[in-house]
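# Structural description and commentary
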Amino acid sequence: MSLCTCGDVGLYKCPRCARPYCSLSCYKGPVHSQCSEAFYREQVEAELKQRSVSKEEQDKMLKLLQREQCLSSDDEEVDLAELMKDVDIKSETELWGMLTESEQQAFIKSLKSGSITTLLKPKENWWTKESLVYRPTKTRKFENLCSKEPSVNMKYLLLRVMISYVHMEMIYPHKDELLSEYWAMFSRLWDWESATIYTTAEAACIAYTDTANTAGLQEFLPIRSVFENSSTLLAHGQLAAERVCCELYKVLGKVHKISPLPKCDYTKIRKKLQYLASWSLSEHGTVLPALVLELEFYITKLGSDVRKFAEDLNKPGGEIAGKSSKPLIEELPS
């Protein structure tokens, strides 16, 4: 018996009950809730049983908890280390077993919905500060890096990178501890392998929105908030844009040491980030104030439903307005 209530043909089968379904929404539907909840619980329990936690990892977790949470009472502050000293937890399995069934279900539900991220202490991102202090840059001059005249639409590629960076910084406040995950999600949002360029800020924003929706990342934070923060970041000018590119360049290098990327991919990404950093500081980067105005104009057009607005702006046939199929690779040094 199919799980679908939408009338579509079920092309997939539940790994637990083998009933066919057509999409994730039907899989998560009320008809299948009892089976799917049990499946999620079994997967979490299986994963936890395969893991063990060393004393070093326990100490690291304690430090993270001390930094992320500020526990206090009405009369005095509570020492987290004091609270934890008599808690002998050797693995995640043991910790999971300490939760009641209702607490386990609530935890799984918060993981699925992404609401668990609201428990994290908010981080003040560097671009929200009124005044920024920049260190001397070592970025090569653009004329020494590339002799070709850059595309007039290069600013929109930079915009796509900035928006993706802002998105990641907002959901990964301490990325140094999760560099591989951070980079994997960032590269997906940026879609660096695409040879397509955009001819408007609107097109770059819609492409990002489409990627975030497809990846299911729009559930973690409002996309409109990402655009507004991106505008604030770009308003700091050329040095801020160059700082982002250099920071991503460093993250790429660290990730490559942890888990080497294919040499061809690593080289291409490095060159693109180098190119954008140099472009940002050159005379070409002086167009950034105008880019901010374009982005602000797009934000004012956004309604409460970002996805519907993005669909309305799509041309019949699936092409996004302002999106060009001209290869970008010819604009960059090989």
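Since this is a predicted model, take the numbers as computed values, not measurements.

### What about the overall build of the protein?
The helix and strand tally for the protein stands at 15 helices and four strands. Counting across all 334 residues of the protein, residues that qualify as buried make up 38%. Sequence-distant contacts, at least 24 apart, represent 70% of the contacts inside the protein between residues at least 6 apart. Accessible surface, the protein: about 19900 Å² in total, of which carbon and sulfur atoms supply 53%.

### Here we look at the pattern of salt bridges
Taken as a whole and judged by the stated rule, the model has three salt bridges. In this structure, the salt-bridge partner of arginine 224 is glutamate 228, at a minimum N-O distance of 3.3 Å. Residue arginine 224 and its partner glutamate 228 are located together in helix α11 (residues 223-234), separated by four residues, close to a single helical turn. Judged by its relative accessible area of 30%, arginine 224 falls in the partly exposed class.

### Side note on empty space enclosed by the protein
As enumerated under the stated definition, the model contains one cavity of 30 Å³ or more in all. The calculated volume of the largest cavity comes to roughly 80 Å³. Residue lining of the largest cavity: 10 residues in total, with Leu157, Trp190, Asp191, Ser194 and Thr196 positioned closest to the centre. Within the lining of the largest cavity, the residues separate by chemical class into five nonpolar, two polar and three charged.

### Comments concerning the nonpolar core
Grouped together as the largest cluster of nonpolar side chains are 61 residues, with contacts concentrated most on Leu159, Tyr165, Trp183, Phe227, Leu233 and Leu248. Sorting the residues of this core by element identifies α7 (142-145), α8 (154-171), α9 (179-190), α10 (201-214), α11, α12 (238-258), α13 (263-281) and α14 (288-301) as the ones contributing at least two each. When residues in this core are grouped by element, the largest group, 12 residues, is from α8. Core analysis: the second largest hydrophobic core is formed by eight residues, Leu3, Cys4, Cys22 and Cys35 among them.

### Examining unusual backbone geometry
The phi dihedral of aspartate 191 falls on the positive side, at around 60 degrees, and the residue is not glycine. With respect to the secondary-structure elements, aspartate 191 resides in the loop between α9 and β3 (197-198). The exposure class of aspartate 191 is partly exposed, given its relative accessible area of 34%.

### As for the packing of aromatic side chains
Applying the stated criterion across every chain, the model contains seven aromatic pairs. For the ring pair tryptophan 126 and tryptophan 127, a centre distance of 5.8 Å and an interplane angle of 80 degrees mean the geometry is edge-to-face. Looking at tryptophan 127, the relative accessible area reads 0%, which means it is buried. When the ring of phenylalanine 227 is compared with that of tyrosine 298, the centres are 5.5 Å apart and the planes differ by 80 degrees; the resulting orientation is edge-to-face. Here phenylalanine 227 is found in helix α11, whereas its partner tyrosine 298 is found in helix α14, with 71 residues between them in sequence. Of the two residues, phenylalanine 227 and tyrosine 298, both sit in the buried class. Ring pairing ties together the aromatic residues Trp126, Trp127 and Tyr165, which thus form one cluster.

### Quick notes on α14
Taking 1.5 Å of rise per residue, the 14 residues of α14 would be expected to cover 20 Å, and the 20 Å separating its terminal C-alpha atoms lies within 8% of that figure. When we look at burial in α14, the residues that qualify are Leu288, Leu291, Val292, Leu295, Tyr298 and Ile299. Mapping the buried residues of α14 onto a view down its axis gives an arc of 125 degrees, with all of them on the same face. Relative to its buried face, α14 has exposed residues pointing more than 90 degrees away, namely Pro289, Leu293, Phe297 and Thr300.

### Overview of the confidence of the model for the protein
Here the protein averages 75 in pLDDT, while 66% of its residues score no lower than 70. Per-element averaging of pLDDT across the protein places helix α15 (residues 306-313) at the bottom with 46 and α13 at the top with 93. In this model, residues 304-321 is a region of pLDDT below 50 whose contacts with residues beyond four sequence positions or in other chains number 21 contacts.

### Considerations on the state of the cysteines
Scanning the model with the defined rule gives zero disulfides in all. Here cysteine 246 stays free of any disulfide, with the sulfur of cysteine 245 as its closest cysteine sulfur at 6.9 Å. In this structure cysteine 246 comes out as partly exposed when scored by relative accessible area, which is 23%.

Thresholds, definitions, all that
- Residues numbered from 1 in each chain as written.
- Predicted model: local features only at pLDDT ≥ 70, side-chain atom pairs only at ≥ 80, totals over all residues.
- Heavy atoms only, no water.
- Helix = DSSP H or I, 4+ residues; strand = E, 2+ residues; numbered from the N terminus.
- Buried < 20%, exposed > 50% of the residue type's maximum accessible area, 1.4 Å probe, protein only.
- Contact = heavy atoms within 4.5 Å.
- Areas by Shrake-Rupley, 256 points an atom, 1.4 Å probe, with all protein chains shown as cover.
- Salt bridge = Lys/Arg side-chain N within 4 Å of Asp/Glu carboxyl O.
- 1 Å grid on protein atoms, 1.4 Å probe; cavity = no way out; pocket = protein on both sides within 12 Å on 5 of 7 lines; lining within 4 Å.
- Points joined across faces, edges and corners; volume = space filled by probe spheres on them.
- Nonpolar A, V, L, I, M, F, W, Y, C, P; charged D, E, K, R; others polar.
- Core = buried A, V, L, I, M, F, W, Y, C linked by side-chain atoms within 4.5 Å.
- Phe/Tyr/Trp six-rings, centres within 6.5 Å; stacked < 30°, edge-to-face > 60°.
- Expected span 1.5 Å × (residues − 1).
- Arc of directions from axis to C-beta.
- pLDDT = per-residue confidence, 0-100.
- Disulfide = S-S within 2.5 Å.

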